[in-house]
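One letter stands for each residue in the lines below.
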Amino acid sequence: MKLYEAMWGVRCVWLRYFDVFRKSLGYYLVTTFAEPFLYLLAFGFGVGSLIGSLESNGAEVSYRSFVFSGILGQTLLFQGFYEASYGGFVRMYYQRIFQAMAVTPITLSEVLWGELLWDASKATLAAVIIAAIGVATRDFPLYAPLVVIPVAFPAALLFAGLGLAVAARSRTIEEISYPQYLLVFPMFLFCGVFFPVERLPAALQWLAWALPLTPVNSLMRTLTLGFPFQWWSVPILAAWLVLLVAWSRRAMFGRLVK
Amino acid sequence: MSQPPLRVVHLTKRYRTQDGFLEAVSDVSFEVRAGECFGLLGPNGAGKTTAIHCITGFYPPSSGAVFIEGVDVRAEPKRARQALGVCAQEDTLDTDFRVFDQLVRHATFFRVPGADAARRARSLLERFGIADKAGELVESLSGGMKRRLQVARALVAQPRVLVLDEPTTGLDPGMRRSLWEILVEERAKGAAILLCTHYMEEAERLCDRIALIDSGSIRDVGAPATLIEHHMGTGNVEEELRPGVVWRRAPNLEDVYLRLTGAKLHERNSA
């Protein structure tokens, strides 16, 4: 009964976000897809036409397909992180809607789950649509938009956890720039979106594998391009997921509740 | 005998600050009956808002308990808050929604069916004089309209316990009086109202009983007239308007507060 009640509360919060999304669909479509689409055009079609194909993890694939798959991970990272960090900060600090919802029959715990699950849902939707574009350009197999979901959703949840924790720990909205430039951008550049991680020096490869985007990209390439399965991606991803989601909730409780 | 809609029992709230621990609320007890408006009167920093955060279940109390219609807010927050309407001191309106949609969305958090929520939202917007703004974005409203919308939102689930933290801050005198009329109507319908304010006139006009709160502690509780008579007597008090000009007038709650705490209602701003 308690679980059912909690799920009802989380669903109310999720539906609140969905309602806002539905009412501003045009805005969201442009802001969600403009960036990955530009990366696809510039790197996939532009740089891809120069490079041709490459070998990674024992498989040979066109550079465009390689980048296309990396853009899936990048989309999950950016969409999950930005929605939860900047969006979460606005909702917590300026709108104070976490506080408004948490004095109704919805608890703060449910509000935060609703926030995280919505952020993950939105990022997953973006990744599924990018995968569908990959199907249209014949870079991915027909089933790609469906099979990416089981990895995309937890990965998006993980990055949303990072974003919400950052929102909770930032005194001002400008402070979100620190982890953005010191963690998110380096992940974007060095965790296998644009080139195989094995091309990095050995020490940096270890570092790249310790960060959550590398296992996400590895699993995405297994699912969309048939790359060999790197089993250690799963425990790394699971560990980050548990850690970041727990940290985000603890940090937000600490920020809001005395 | 039935439970009072709101019962606060030995509520204490301590929290860590940069300088150590602060006891923002100290052993506060009171109850609010159905059809009663109970005031928490004190200056900014007296502990009113922290007390409200504990009463709504947003902050866990360090000790003590709060019961809404007999249900412990900490133990069963969802059930307890089903009867609760809250208007926070700060602006907590959801600016992602238009005025009408905001009320309907908020009602869904209380399981109010959609058609009922829409009917109530229309009625409340009419009652609060902002029906013509139903389709507007919240950001386009004036400060006074936003405040009225926030009180309207607190009423959308037809709460039996209404907690209002400085609801008339920022309203002009006319808007303030019209909001008072609405609160009087809600009280007449049987709602138990907890009103936190630092406006003496508001407390005197609306509240059946008042708790004078200072540094987190209740210094005295009673009907406004009783408090004034008990602490100030029935004679006039002298107030020096400017050097050499003394005004003799009837005592008020400000005088009572000054006598009990040594501070004026608009003076303290520390916690």
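Residues numbered from 1 in each chain as written. Chains lettered and ligands numbered in written order. Predicted model: local features only at pLDDT ≥ 70, side-chain atom pairs only at ≥ 80, totals over all residues.

## Concerning the overall build of chain B
Line of reasoning, step 1. Within chain B one finds nine helices and twelve strands.
Line of reasoning, step 2. What you see for chain B is a C-alpha radius of gyration of 19 Å, in line with the 18 Å of a compact globule of 271 residues.
Line of reasoning, step 3. Reported as C-alpha extents along the three principal axes, the dimensions of chain B are approximately 60 × 45 × 40 Å.
Line of reasoning, step 4. A buried classification covers 44% of the 271 residues belonging to chain B.
Line of reasoning, step 5. When contacts within chain B are restricted to residue pairs at least 6 apart in sequence, long-range pairs at least 24 apart make up 67% of them. (Helix = DSSP H or I, 4+ residues; strand = E, 2+ residues; numbered from the N terminus. Rg over C-alpha atoms; globule rule 2.2 N^0.38 Å. Buried ≥ 20, exposed ≤ 12 C-beta atoms within 10 Å, placed from the backbone. Contact = placed C-beta atoms within 7 Å.)

## Digging into the overall build of chain A
Line of reasoning, step 1. In terms of regular secondary structure, chain A is built from eleven helices and two strands.
Line of reasoning, step 2. In chain A, the order of α-helices and β-strands from amino to carboxyl end is α-α-β-β-α-α-α-α-α-α-α-α-α.
Line of reasoning, step 3. Computed over its C-alpha atoms, the radius of gyration of chain A comes to 18 Å, within 12% of the 18 Å expected for a compact globule of 258 residues.
Line of reasoning, step 4. Reported as C-alpha extents along the three principal axes, the dimensions of chain A are approximately 55 × 40 × 35 Å.
Line of reasoning, step 5. Restricting to contacts in chain A with at least 6 residues of sequence separation, those with at least 24 account for 75%.

## Some words on the sheet that holds strand 7 (residues 161-165) of chain B
Two orientations exist for strands paired in a sheet by backbone hydrogen bonds: parallel and antiparallel.
All names here are of chain B.
Line of reasoning, step 1. Reading across the sheet, the six strands line up as 6-7-8-3-9-10 and stay open at both edges, with mixed pairing between neighbours. One side of each edge strand has no neighbouring strand; the edge strands of this open sheet are strand 6 (84-87) and strand 10 (217-222). Between one strand axis and the next, the sheet turns by 15 degrees as a mean value, whatever way the strands run.
Line of reasoning, step 2. In this sheet, strand 9 (residues 209-214) lies alongside strand 3 (residues 37-41) in parallel orientation, the contact comprising four bridges. Within strand 9, the position partnered with Leu40 by the bridge is Ala211. (Pairing = 2+ DSSP bridges. Axes fitted to C-alpha atoms, helices over the stretch in contact; angles between N-to-C directions.)

## Focus on the interface of chain B and chain A
Line of reasoning, step 1. The interface is formed by 19 residues belonging to chain B together with 19 residues belonging to chain A.
Line of reasoning, step 2. At the level of elements, helix 2 (77-81) and helix 3 (99-108) of chain B are the ones that each hand at least two residues to the side of chain B that touches chain A.
Line of reasoning, step 3. Considered class by class, the residues forming the side of chain B that touches chain A number eight nonpolar, five polar and six charged. (Nonpolar A, V, L, I, M, F, W, Y, C, P; charged D, E, K, R; others polar.)

## Some thoughts on the sheet that holds strand 2 (residues 20-32) of chain B
Line of reasoning, step 1. Pairing within the open sheet is antiparallel, and its four strands lie in the order 2-1-4-5 (chain B). Both outer strands of the open sheet, strand 2 and strand 5 (71-72) of chain B, are each paired with one neighbouring strand and no more.

## A word on unusual backbone geometry
Line of reasoning, step 1. Even without being a glycine, Arg96(A) presents a positive backbone phi close to 55 degrees.
Line of reasoning, step 2. The residue Arg96(A) is located in the loop between helix 3 (63-94) and helix 4 (97-101) in this model.
Line of reasoning, step 3. Positive phi, normally seen in glycine, also occurs at Glu166(B), with a value near 50 degrees.
Line of reasoning, step 4. Inspection of the secondary structure assignment puts Glu166(B) in the loop between strand 7 and helix 6 (173-188).

## Let's talk about the nonpolar core
Line of reasoning, step 1. By size, the foremost hydrophobic cluster in this structure holds 156 residues, and its most contacted members are Leu76(A), Ala156(A), Phe159(A) and Ile193(B).
Line of reasoning, step 2. Top element by residues in this core is helix 7 (residues 149-169) of chain A. It accounts for 15 residues.
Line of reasoning, step 3. Residues within four places of Ala156(A) in sequence aside, it is in contact with Leu76(A), Gln79(A), Gly80(A), Ala120(A), Ala123(A) and Thr124(A). (Core = buried A, V, L, I, M, F, W, Y, C linked by C-beta atoms within 7 Å.)

## Structural notes on the pairing of strand 11 (residues 237-242) of chain B
Residue and element names in this part refer to chain B.
Line of reasoning, step 1. The buried fraction of strand 11 is low, at zero of six residues.
Line of reasoning, step 2. By the bridge criterion, five bridges tie strand 11 to strand 12 (residues 245-249) in an arrangement that is antiparallel. The partner of Glu239 across the bridge, within strand 12, is Trp247.
Line of reasoning, step 3. Counting the residues that bridge the hairpin from strand 11 to strand 12 gives two residues, and of these Gly244 lies at a positive phi of roughly 90 degrees.

## Some remarks on helix 3 of chain B
Line of reasoning, step 1. The buried count for helix 3 of chain B comes to seven of ten residues, which makes it a mostly enclosed element.
Line of reasoning, step 2. For helix 3 of chain B, the full list of buried residues reads Val99(B), Gln102(B), Leu103(B), Val104(B), Arg105(B), His106(B) and Ala107(B).
Line of reasoning, step 3. Residues of helix 3 of chain B that are buried in the fold lie against helix 1 (2-23) of chain A together with helix 4 (114-127) and helix 5 (143-155) of chain B.

## Remarks on the confidence of the model for chain B
Line of reasoning, step 1. In the predicted model, chain B carries a mean pLDDT of 91, and 97% of its residues have values of at least 70.
Line of reasoning, step 2. The complex prediction reports pTM at 0.92, with the ipTM value standing at 0.90. (pLDDT = per-residue confidence, 0-100.)

## Topic: the packing of helix 5 (residues 108-136) of chain A against helix 11 (residues 233-256) of chain A
All names here are of chain A.
Line of reasoning, step 1. One can describe the packing of helix 5 onto helix 11 by two numbers: an axis separation of 11 Å at closest approach and a directional angle of 130 degrees. When the axis of helix 5 is compared with that of helix 11, the two are oblique. Classified by chirality, the crossing of helix 11 by helix 5 is right-handed. Contact residues: Leu108, Leu112 and Leu116 in helix 5; Val245, Ser248, Arg249, Met252, Phe253 and Leu256 in helix 11. (Parallel < 35°, antiparallel > 145°, perpendicular 65-115°, else oblique. Left-handed = near helix turned anticlockwise from the far one by under 90°.)

## So, the pairing of strand 6 of chain B
All names here are of chain B.
Line of reasoning, step 1. Side chains Leu84 and Val86 project from strand 6 onto one buried face, and the interleaved Gly85 and Cys87 project onto a second face that is buried too.
Line of reasoning, step 2. Looking at chain direction, strand 6 and strand 7 are connected through four bridges and run parallel. Across the sheet, the residue bridging to Gly85 is Leu162, located in strand 7.

## Here's the deal with the packing of helix 3 of chain B against helix 5 of chain B
Residue and element names in this part refer to chain B.
Line of reasoning, step 1. Running from amino to carboxyl end, helix 3 crosses helix 5 at an angle of 30 degrees, the nearest separation of the two axes being 9 Å. In terms of orientation, helix 3 lies roughly parallel with respect to helix 5. Pair helix 3 / helix 5 crosses with right-handed handedness. From helix 3, Val99, Gln102, Leu103 and His106 reach across to helix 5, where they touch Leu149, Ala152 and Arg153.
Line of reasoning, step 2. In terms of residue class, the contact of helix 3 with helix 5 is built from four nonpolar, two polar and one charged.

## Some details on helix 1 (residues 48-55) of chain B
Line of reasoning, step 1. Among the eight residues that make up helix 1 of chain B, eight are buried, leaving the element largely enclosed by the rest of the structure.
Line of reasoning, step 2. Considered for burial, the residues of helix 1 of chain B that qualify are Lys48(B), Thr49(B), Thr50(B), Ala51(B), Ile52(B), His53(B), Cys54(B) and Ile55(B).

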